[in-house]
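Here's the letter readout for the chains.
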Amino acid sequence: MLKELLTSQIIAHAFIGGAIVAVVAGCVGYFLVLRAQAFAAEAFTDIGFAGATGAALLGVESLAGMIILSLLAAAGLGILGNRVRGRDVEIGMVLCFALGLGVLFLSIYSRTSALHSLSGINILFGSMLTINSKDILLAFASCATAVGALSIVHRPLLFASVDPAGAEARGVPMRALSAAFLAILALTTAACVLLVGILLTASLLIAPAAAAVNLTNRPARAVALSVATAVGVTWLGLVLTFAGTIRHLPAGFYISALAALTYGASLVLRKRFRTMRAFEYPHADRETG
Amino acid sequence: MRAEPDGMERLPVFLRNVRIGFGGRAIQDEMTFTIEDGEFIAVLGPNGAGKTTLLKLLLGLVQPETGEVRIFGRKPRRGNPEIGYAPQFRTLDTNFAVRARDLVGFGLDGHRWGPGFPSRKRRMLVDQVLEEVRASEYADVAVGELSGGEKQRLSLAQVLIANPGLVLLDEPLASLDIASAHEIISLVGRLCVSRKVAVMLVTHDINPLLQHVNRVLYLANGRCAIGSPETVITRETLSSLYNHPVDVVEAMGKKFVLGVET
């Protein structure tokens, strides 16, 4: 009886935590994909890993460690250039170094006990079965902040991401906006890594949004589709984990595989979409004069 | 030095004895001209003559070293809502994430903060300006699927939706085929009349514009000349501007400037 209750609560936490992550990742991911900064998100998750293991070593709250390191990285990227687009060499180096630091912290930390070693694995690949209600509250607060900030900057951010020259001409503060978005991204990745680990965070940030952008050219619809896909993929992955015939396959595998599949499907569907458009507008050059 | 009648200073553009420089070197000296409401001006001149710098001066991004600049009677300032500026380089080629109408809508509220909800009035405004530039047909098509000429129309619509009194177009005809260029030019000409908006259009080739512009502003060699194409694009005016012999040849209804690199 007690065991059953415990199990069901674990499951409920996994579903709630997964939904929080999926919603925020779906929203932030849309802008991430438009700005071609997917690689930066990858770097932030690895930096988050270093922050979390470093914090564990120091005995500090791991979310705090992740947020501090990610925000520092955001500031660094912001100083590097007003657009992170194409900054792949710098980001790649930071990413590897952060992962290396994380491994160092983890190896020192895990020497103290076997349990500690497991918690490091959880940060990397996520165990959605260890989410507790404090994690959920913390993550919810961070994600709500991120979505709130995004709702304030979304119009200039979209303008700046899609039509940078036009936005600059209209007086949109490009540098400040870029820095603000990186800060939102840092906060998002930190909160998501806390709940589901770096693998799922990166996968939920990138795949659903990229799939949505392939399927529609309406911004509002794309964000809605991206969020819906992220939540759908997460919950379906959890259902498969808990109820699948082959049990004990990690949720991280299911969810990341489903996310990749969704993106693949969107590529196929996009081809059909575009061909239809091309048929409707056989020669885009035809003028109406 | 205040003697100008008030009316003159209220004009879209008023420049007197303006000197603009870059790194100690004068790009333009003694610029004096005015532009009136609804005027269509072509801005010509070789590379480095100061065409883009002049636009930046009007936009408040560059300060004059000396002289007086007025935009509708006021000093140039950044983010001036009375000026619509369409920059030269646009990276919209591969963009499938937004529709033509979204791009135009940016001109209305793309710079505003806060949540912002779609409204019927907003949609109507976007539809109206799309109609005005004859882009209604592809209002819902992804920007990445449109041709260069179609994108130029959207660029124009994005600027016009904010209702500016002065529009600055930096090389809108670059990389357009002749037919599309002609259509953009006659569209701009019509808008000057219907909206009473003053337009300064930077270009390398005056020929497609000859029948449409009111005046030509020719920048070269640190100086400028302004007037009708017939008076400015002549052997005498250009030779004195460049300070060396230049010839203008007319053939097939077009003007060709010889003896300079344009």
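The rules behind each value
- Residues numbered from 1 in each chain as written.
- Chains lettered and ligands numbered in written order.
- Predicted model: local features only at pLDDT ≥ 70, side-chain atom pairs only at ≥ 80, totals over all residues.
- Helix = DSSP H or I, 4+ residues; strand = E, 2+ residues; numbered from the N terminus.
- Buried ≥ 20, exposed ≤ 12 C-beta atoms within 10 Å, placed from the backbone.
- Contact = placed C-beta atoms within 7 Å.
- Pairing = 2+ DSSP bridges.
- Axes fitted to C-alpha atoms, helices over the stretch in contact; angles between N-to-C directions.
- Parallel < 35°, antiparallel > 145°, perpendicular 65-115°, else oblique.
- Left-handed = near helix turned anticlockwise from the far one by under 90°.
- Nonpolar A, V, L, I, M, F, W, Y, C, P; charged D, E, K, R; others polar.
- Domains from an automatic or database assignment.
- pLDDT = per-residue confidence, 0-100.
- Core = buried A, V, L, I, M, F, W, Y, C linked by C-beta atoms within 7 Å.
- Expected span 1.5 Å × (residues − 1).

**Comments concerning the overall build of chain A**
For chain A, the count of helices and strands is ten helices and zero strands. Helices (α) and strands (β) of chain A occur, in sequence order from the N terminus, as α-α-α-α-α-α-α-α-α-α. A burial count over chain A gives 48% of its 289 residues as buried. Contacts in chain A between residues at least 24 apart in sequence constitute 78% of all its contacts with a sequence separation of at least 6.

**Considering the sheet that holds strand S2 (residues 25-35) of chain B**
All names here are of chain B. The sheet built from three strands is open, its strands ordered S2-S1-S4 with antiparallel pairing. The open sheet is flanked by S2 and strand S4 (66-70), the only strands paired with a single partner. Across the sheet, the mean angle separating the axes of adjacent strands is 25° when strand polarity is ignored. Pairing of strand S1 (residues 13-22) with S4 involves four bridges; the strand directions are antiparallel. Counterpart to arginine 19 in the pairing with S4 is threonine 66. Contacts from helix H2 (residues 51-58) reach S1, S2 and S4 within the one sheet, and its direction differs from that of S1 by about 120°.

**Let's talk about the packing of helix H5 (residues 148-160) of chain B against helix H6 (residues 178-195) of chain B**
Residue and element names in this part refer to chain B. Put simply, H5 and H6 touch, their axes get as near as 9 Å, and they point 20° apart. Taken together, H5 and H6 sit at an angle that is classed as roughly parallel. Note that H5 runs across H6; the crossing there is right-handed. Residues Gly148, Gly149 and Gln152 of H5 form the contact with H6, whose participating residues are Ser180, Glu183 and Ile184. Of the residues that constitute the contact of H5 with H6, the class distribution is one nonpolar, four polar and one charged.

**Observations regarding the domain arrangement of chain B**
Residues and elements named next belong to chain B. For chain B, the domain assignment lists domain 1 (1-82 + 164-228) and domain 2 (92-163). When each unit is reduced to the centre of its C-alpha atoms, the spacing between domain 1 and domain 2 is 25 Å. The partner domain 2 presents seven residues to the ten residues of domain 1 that form the contact. Looking at the side of domain 1 that touches domain 2, the element that brings in the most residues is H6, giving four residues. Broken down by class, the residue content of the side of domain 1 that touches domain 2 amounts to seven nonpolar, two polar and one charged.

**Looking at the sheet that holds strand S5 (residues 83-86) of chain B**
Residues and elements named next belong to chain B. Taken together, the six strands give an open sheet; going across it, the order is S5-S6-S7-S3-S8-S9, and neighbouring strands pair in mixed fashion. Edge positions in the sheet fall to S5 and strand S9 (223-227), since each has one partner strand and no second. On average, each strand axis in the sheet is inclined to that of its neighbour by 15°, with strand direction left out of account. Relative to the sheet, H2 contacts strand S3 (40-44), S5, strand S6 (166-170), strand S7 (198-202) and strand S8 (215-220), its axis offset from that of S6 by approximately 150°. Along the sheet, H5 makes contact with S5 and S6, crossing S5 at roughly 160°.

**Considering the interface of chain B and chain A**
Residue-level contacts link 37 residues of chain B with 29 residues of chain A. If you list the elements that add at least two residues to the side of chain B that touches chain A, you get helix H3 (100-109), H5 and H6 of chain B. Broken down by element, the residue count for the side of chain B that touches chain A peaks at four residues, all from H3 of chain B.

**Looking at the pairing of S3 of chain B**
The side chains of a regular strand alternate between both faces of the sheet. Residues and elements named next belong to chain B. In terms of burial, S3 is a largely internal element, five of the five residues being buried. By the bridge criterion, four bridges tie S3 to S7 in an arrangement that is parallel. Looking at the pairing, alanine 42 lines up with leucine 201 of S7. Sheet analysis places S3 next to S8, joined by four bridges and oriented parallel. The residue of S8 that forms the bridge with valine 43 is leucine 217.

**Some details on the confidence of the model for chain B**
Averaged over chain B, the pLDDT score is 90; the fraction of residues at 70 or greater is 94%. Our summary of model confidence lists the complex with pTM equal to 0.88 and ipTM equal to 0.89.

**Things to note about the nonpolar core**
Val24, Val28 and Leu185 of chain A together with Ala157, Val199 and Tyr218 of chain B are the most contacted members of the largest nonpolar core, which has 170 residues in total. In terms of residue count, the dominant contributor to this core is helix H8 (residues 174-215) of chain A (25 residues). The two domains that each donate at least three residues to this core are domain 1 (1-82 + 164-228) and domain 2 (92-163) of chain B. The residues touching valine 199 of chain B, leaving out its near neighbours within four places in the chain, are Phe40, Ile41, Val167, Leu169, Val188 and Cys192 of chain B.

**Points about helix H2 (residues 38-58) of chain A**
Residue and element names in this part refer to chain A. Taking 1.5 Å as the rise per residue, H2 with 21 residues should run 30 Å; its terminal C-alpha atoms sit 30 Å apart, in good agreement. By the criterion of burial, H2 is predominantly enclosed, with 16 of the 21 residues buried. Where H2 terminates, the next one or two residues include glycine 59, which has phi positive at roughly 75°.

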